[in-house]
Amino acid sequence: MSSITLALSKGRIFEETLPLLAAAGITPTDNPETSRKLIIGTNRPDVRLVIVRATDTPTYVQYGAADLGIAGKDVLLEHGGAGLYQPLDLNIAKCRLCVATQKGFDYAAATRPGGRIRVATKYINSAKAHFAAKGVHVDLIKLYGSMELAPLVGLADAIVDLVSSGNTLRANNLEEVEEIMSISSRLVVNQASLKLKREIIQPVLDAFAGAVK
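Everything quoted here is computed from the prediction, not taken from an experiment. (Residues numbered from 1 in each chain as written. Predicted model: local features only at pLDDT ≥ 70, side-chain atom pairs only at ≥ 80, totals over all residues. Heavy atoms only, no water.)

A look at the domain arrangement of the protein
Part 1 of the reasoning: Once the domains are mapped, the protein shows domain 1 (4-94 + 184-211) and domain 2 (95-182).
Part 2 of the reasoning: Between the C-alpha centres of domain 1 and domain 2 the distance comes to 30 Å.
Part 3 of the reasoning: The interface is formed by eight residues belonging to domain 1 together with 10 residues belonging to domain 2.
Part 4 of the reasoning: Here domain 1 packs against domain 2, burying approximately 730 Å² in sum over the two surfaces, 46% of which is carbon and sulfur.
Part 5 of the reasoning: Ranking the residues of domain 1 by area buried against domain 2 places Asp74, Leu77 and Glu78 at the top, with a combined share of 63%.
Part 6 of the reasoning: Our count for the domain 1 to domain 2 interface comes out at zero salt bridges.
Part 7 of the reasoning: Linking domain 1 to domain 2 there are four residue pairs in polar contact (both at pLDDT 80 or more).
Part 8 of the reasoning: Of all the elements in the fold, those that place two or more residues in the side of domain 1 that touches domain 2 are helix H3 (73-79) and strand S5 (84-102).
Part 9 of the reasoning: The leading source of residues in the side of domain 1 that touches domain 2 is H3, at four residues.
Part 10 of the reasoning: Across the side of domain 1 that touches domain 2, the residue classes break down as two nonpolar, one polar and five charged. (Domains from an automatic or database assignment. Contact = heavy atoms within 4.5 Å. Buried area = accessible area lost by both parts, 1.4 Å probe. Salt bridge = Lys/Arg side-chain N within 4 Å of Asp/Glu carboxyl O. Polar contact = N/O pair within 3.5 Å; in protein donor to acceptor, adjacent residues only side chain to side chain. Helix = DSSP H or I, 4+ residues; strand = E, 2+ residues; numbered from the N terminus. Nonpolar A, V, L, I, M, F, W, Y, C, P; charged D, E, K, R; others polar.)

Rendered as structure tokens:
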């Protein structure tokens, strides 16, 4: 019997996906927050979950190690989306991709056309496209965490990062100076899997679509 594998990351995406899985009649047999298992079964013998890093979800789906996955728009833009069908914005794990600087930094002056700014981010592709559209020269520094530290120690003039409440920015004397885009998580499907396993995948897609708020 054919079966399908769904790639998910721990944390907010997993928690906000549970109601969508329930709508498709899928219940995980373990909680990834408390289990060390990386492959989790469900109440359905034809559906299993694999727990991966958020940034790896599109890669697992692209190469067919997972048939479906749920990934943030930010991650998909950095990945490039090759080999992925993106049928549905799930409207979960919502936040914003923003530019932030130390309070008092003259961002408007630094980003005049022809200007130059140094930016720390893990979202290199999105940041590059954003500043190119403004006609600003940007020196990008790739970091993987603690973005807020970069302007405080002189590593960068600004950061490009995901912002939800803004509390971490405020706690570090930073402020949001520009929103680049709204972010939410999307369902991605391996294109070959959709053709070969449509009889299992399509009902899941339909259930997710019906449950999206």
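Picking up where we left off.
Re the pairing of strand S3 (residues 47-51)
Within a regular strand, side chains alternate between the sheet's two faces.
Part 1 of the reasoning: By the criterion of burial, S3 is predominantly enclosed, with four of the five residues buried.
Part 2 of the reasoning: Bridge count between strand S1 (residues 4-8) and S3: five bridges; the pairing is parallel. Counted as the bridge partner of Ala7 is Val50 from S3.
Part 3 of the reasoning: Inspection of the sheet shows strand S2 (residues 39-41) paired to S3 by three bridges, in the antiparallel sense. Paired with Gly41 across the bridge in S3 is Arg48.
Part 4 of the reasoning: Between the end of S2 and the start of S3, which pair antiparallel, lie five residues. (Buried < 20%, exposed > 50% of the residue type's maximum accessible area, 1.4 Å probe, protein only. Pairing = 2+ DSSP bridges.)

Side note on the UniProt feature "domain: ATP phosphoribosyltransferase catalytic" (unreviewed entry) in the protein
Part 1 of the reasoning: In the numbering adopted here, UniProt assigns the feature "domain: ATP phosphoribosyltransferase catalytic" (unreviewed entry) to residues 53-208.
Part 2 of the reasoning: Strand forms 38% of residues 53-208 and helix 34%; the C-alpha atoms that close the span are 22 Å apart. (UniProt positions renumbered as here; feature names shortened; annotations may be inferred.)

As for the pattern of salt bridges
Part 1 of the reasoning: Considering all chains together, one arrives at nine salt bridges under this definition.
Part 2 of the reasoning: Note that Arg12 and Glu16 form a salt bridge whose closest N and O atoms lie 2.9 Å from each other. Taken together, the residues span about one helical turn, with Arg12 and Glu16 both in helix H1 (residues 12-23) at a distance of four residues.
Part 3 of the reasoning: Close ionic contact of Arg96 with Glu176 constitutes a salt bridge, the shortest N to O distance being 2.8 Å. Of this pair, Arg96 sits in strand S5 while Glu176 sits in strand S9 (residues 174-190), and the two are 80 residues apart along the sequence.
Part 4 of the reasoning: Residues participating in the shared-partner salt-bridge network are Arg96, Glu176 and Glu179.

Focus on the pairing of strand S8 (residues 158-163)
Part 1 of the reasoning: Counted residue by residue, S8 has five buried out of six residues, so it is predominantly covered.
Part 2 of the reasoning: Pairing analysis gives three bridges linking strand S6 (residues 116-121) to S8, with the strands arranged parallel. Each residue of the ladder has a partner; that of Ala120, found in S8, is Ile159.

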